[in-house]
Structures are given as C-alpha cells and as structure tokens.
Amino acid sequence: MYLLAGVKESEDKILVLETYNLSVEENKNLTVASVENGVIVTELPTRPKRQAGTDHVLYVNPITKEAWYDQVSVPLTPEERIEQFENQLKVTQEALDALLLG
C-alpha cells in the first residue's frame, strides 16, 4: 500500500508530490492524517515511458482512490535537442545527396 500526498486541484483530483511506501519500516506509522491531502492506494499505476518533450505527472482521486498519470509537455533536454538537430541534419544531407548525385 502507498500513501500519496500532494496538492488538491479539485474535489476529485490531487496532484501527487510525495509517495510513501507503507510496507517500509520507516513509514509504518504514517497515516492519512499525518500528511496534507493524503490518500492511501493499494497499488501505483505503471509510469509511462518518457518521450522527447513530454513527461508524466501522478494524480489520485481521493474519492475513488484511483491513481493515474497525465502526460504534460516539457522543454527538450540538451541531449534531446542534440538528437533532434542531428536527425534534421541527416534528413538535409540525404536531400542534398539526392539532388546532387541524382
């Protein structure tokens, strides 16, 4: 079981900022009352694989105890920007080669 805590965005949606594994000895005394906007869930959803320019944010419904990830846009990392530039450069080189070598 997990204790999720965060910021209440609406009556049925909390943005999760902290996750506590309640099966760990150091967290065994934590309760919903010990954290702000806390919800106990039996399992966590699988975090989707990150793609360039996106990330995922964990939410929980305090009424149904359902947790899920929403996809959000984020700036490209320096590595992603380099990869994007290299891909564009490759496409440009292939187009030039096709024109020149015909």
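Residues numbered from 1 in each chain as written. Predicted model: local features only at pLDDT ≥ 70, side-chain atom pairs only at ≥ 80, totals over all residues. Heavy atoms only, no water.

## Describing the overall build of the protein
Of the regular secondary structure elements, the protein holds one helix and five strands. In the protein, the succession of α and β elements from N to C terminus is β-β-β-β-β-α. Relative to the 2.2 N^0.38 estimate, which gives 13 Å for 102 residues, the radius of gyration of the protein is 22 Å and therefore markedly larger than a compact globule would have. Each of the three principal axes of the protein carries a C-alpha extent, and together these read 70 × 30 × 20 Å. Taking all 102 residues of the protein together, the buried fraction comes to 24%. Considering only intrachain contacts with a sequence separation of at least 6, the fraction spanning at least 24 residues in the protein is 45%. (Helix = DSSP H or I, 4+ residues; strand = E, 2+ residues; numbered from the N terminus. Rg over C-alpha atoms; globule rule 2.2 N^0.38 Å. Buried < 20%, exposed > 50% of the residue type's maximum accessible area, 1.4 Å probe, protein only. Contact = heavy atoms within 4.5 Å.)

## Section: the pattern of salt bridges
All told, the structure shown has five salt bridges when counted by the stated rule. Between K13 and D70 there is a salt bridge, with its nearest N and O atoms 3.5 Å apart. Residue K13 is located in strand β2 (residues 13-21), and its partner D70 is located in strand β5 (residues 67-73); the two are separated by 57 residues in the primary sequence. Between R50 and E80 there is a salt bridge, with the nearest N and O atoms lying 2.4 Å from each other. With R50 in the loop between β3 (38-41) and β4 (54-60) and E80 in helix α1 (residues 78-101), this pair connects stretches of sequence that are 30 residues apart. When its relative accessible area of 34% is taken as the criterion, R50 is described as partly exposed. Judged by relative accessible area, which is 15%, E80 ranks as buried. (Salt bridge = Lys/Arg side-chain N within 4 Å of Asp/Glu carboxyl O.)

## Considerations on the pairing of β4
Among the seven residues of β4, five are classified as buried, and the element is accordingly described as predominantly covered. When β2 meets β4, the two strands line up antiparallel, connected through two bridges. Across the sheet, residue L15 finds its bridge partner in β4, namely Y59. Hairpin connection of β4 to β5: six residues between the antiparallel strands, including K65 at a positive phi of 70°. (Pairing = 2+ DSSP bridges.)

## Here's the deal with a nonpolar patch on the surface
The grouping of L96, L99, L100 and L101 at the surface amounts to a nonpolar patch, some 510 Å² of accessible area in total. By relative accessible area, L96 is classed as partly exposed at 40%. (Patch = residues over 30% accessible without salt bridge, like charges linked within 9 Å, V, L, I, M, F, W, Y side chains within 5 Å. Areas by Shrake-Rupley, 256 points an atom, 1.4 Å probe, with all protein chains shown as cover.)

Keep in mind these values describe shape, not function.
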